[in-house]
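For reference, the chains in residue letters:
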Amino acid sequence: MKKHNLQKSDIFGLLLENAVTIVLTAFVIFMIFYRPSFSSWFNITAIINDCCMYGIAALGVTTVVLCGDIDLSLSSVYAWSTCLFVILCNSMNVFLAALITLATAVVWGVLNGALIAYLRMPAFVATLGSMYTIKGLAYYITEQKPINTDNAMLAAIGKINI
């Protein structure tokens, strides 16, 4: 039988590599005992409902990061899309507004891709510039004021839970 000698550096390295997982697990265990309602079905579904849009966005950015680049414009495209969607919902069908909003988000992505692939701009510079441009356009279309909608279909969709 082969005997394994664990060194302190091996254990420290393992802890260091998994530090985020360990801290998150410790936090969840602490919260389960400190507030038993933390592990309730209602709370778990509320967390999933609140975080799902960020998870979907993170999937796209993960692909970019795995390729060795970075996309700084994600938050601005998200803000632009939200503002445009609400403005369009005030004047047209929700599904048509969603298609137009999705199409504009795709155009922003294609524009960023063209700047990086064809003009050979560094991804950091291209997406930093488009981040400010897109955010500025979002400020412009909303006139830097809060926007609301009274669209009944959108309100019904908003009440749906997982």
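Higher on the page you've got the structure.
In this report, the structure presented in the accompanying data block is examined.

The subject of this paragraph is the overall build of the protein chain. A count of helical and extended segments in the protein chain gives seven helices and zero strands. Listing every helix and strand of the protein chain by position from the N terminus yields α-α-α-α-α-α-α. Against the 2.2 N^0.38 benchmark of 15 Å for 162 residues, the protein chain shows a C-alpha radius of gyration of 22 Å, more extended than a compact globule. Overall, the C-alpha framework of the protein chain stretches about 75 × 50 × 30 Å when taken along its three principal axes. When each of the 162 residues of the protein chain is scored for burial, the buried share is 17%. Counted over contacts in the protein chain with a minimum sequence separation of 6, partners at least 24 positions apart contribute 65%.

Before going further, it helps to spend a moment on the environment of Asn-148. Secondary-structure assignment places Asn-148 in the loop between α6 (123–142) and α7 (152–158). Here Asn-148 is in contact with Val-86 and Asn-90, once residues within four sequence places are set aside.

If you look at the biggest cluster of nonpolar residues, it comprises twelve residues: Val-77, Trp-80, Cys-83, Leu-84, Leu-88, Cys-89, Val-94, Ala-97, Trp-108, Ile-134, Ala-138 and Leu-154. Of all the secondary-structure elements, those providing two or more residues to this core are α4 (74–89), α5 (94–117) and α6. No other element matches the six residues that α4 contributes to this core. Apart from the residues lying within four places of it in its own chain, the contact partners of Val-94 are Phe-85, Cys-89, Asn-151, Met-153, Leu-154 and Ile-157.

With that out of the way, let us pick up the packing of aromatic side chains. With the rule as written, the count across this model stands at three aromatic pairs. Consider the rings of Phe-27 and Phe-38, whose centres lie 6.4 Å apart with planes at 80 degrees: the pair is edge-to-face. On the criterion of sequence distance, the pair formed by Phe-27 in helix α2 (residues 19–34) and Phe-38 in the loop between α2 and α3 (41–66) is long-range, its members being eleven residues apart. Judged by relative accessible area, which is 45%, Phe-27 ranks as partly exposed. Relative to Tyr-34, the ring of Phe-30 lies with its centre 5.3 Å away and its plane at 10 degrees, an arrangement referred to as stacked. Linking Phe-30 with Tyr-34, this pair stays in helix α2, spanning four residues, or about one helical turn. Under the relative-accessibility criterion, Phe-30 is labelled partly exposed at 48%.

Attention now goes to the packing of α4 against α5. Interaxial distance between α4 and α5 falls to 9 Å at its minimum, and their mutual angle equals 155 degrees. By the angle between their axes, α4 is roughly antiparallel relative to α5. Pair α4 / α5 crosses with right-handed handedness. In contact with Val-77, Trp-80, Ser-81, Leu-84, Phe-85, Leu-88 and Cys-89 of α4, α5 contributes Val-94, Ala-97, Ala-98, Ile-100, Thr-101, Thr-104, Ala-105 and Trp-108.

Positionally, Val-64 belongs in helix α3. Each C-alpha atom, one on Val-64 and one on Ala-123, is 9.7 Å from the other, the two residues being 59 residues apart in sequence. Excluding residues within four positions of it along the chain, Val-64 makes contact with Asp-69, Ile-70 and Asp-71.

Cut-offs used in this document
Residues numbered from 1 in each chain as written. Predicted model: local features only at pLDDT ≥ 70, side-chain atom pairs only at ≥ 80, totals over all residues. Heavy atoms only, no water. Helix = DSSP H or I, 4+ residues; strand = E, 2+ residues; numbered from the N terminus. Rg over C-alpha atoms; globule rule 2.2 N^0.38 Å. Buried < 20%, exposed > 50% of the residue type's maximum accessible area, 1.4 Å probe, protein only. Contact = heavy atoms within 4.5 Å. Core = buried A, V, L, I, M, F, W, Y, C linked by side-chain atoms within 4.5 Å. Phe/Tyr/Trp six-rings, centres within 6.5 Å; stacked < 30°, edge-to-face > 60°. Axes fitted to C-alpha atoms, helices over the stretch in contact; angles between N-to-C directions. Parallel < 35°, antiparallel > 145°, perpendicular 65-115°, else oblique. Left-handed = near helix turned anticlockwise from the far one by under 90°.

So far we have only geometry, and geometry alone does not tell us how the molecule works.
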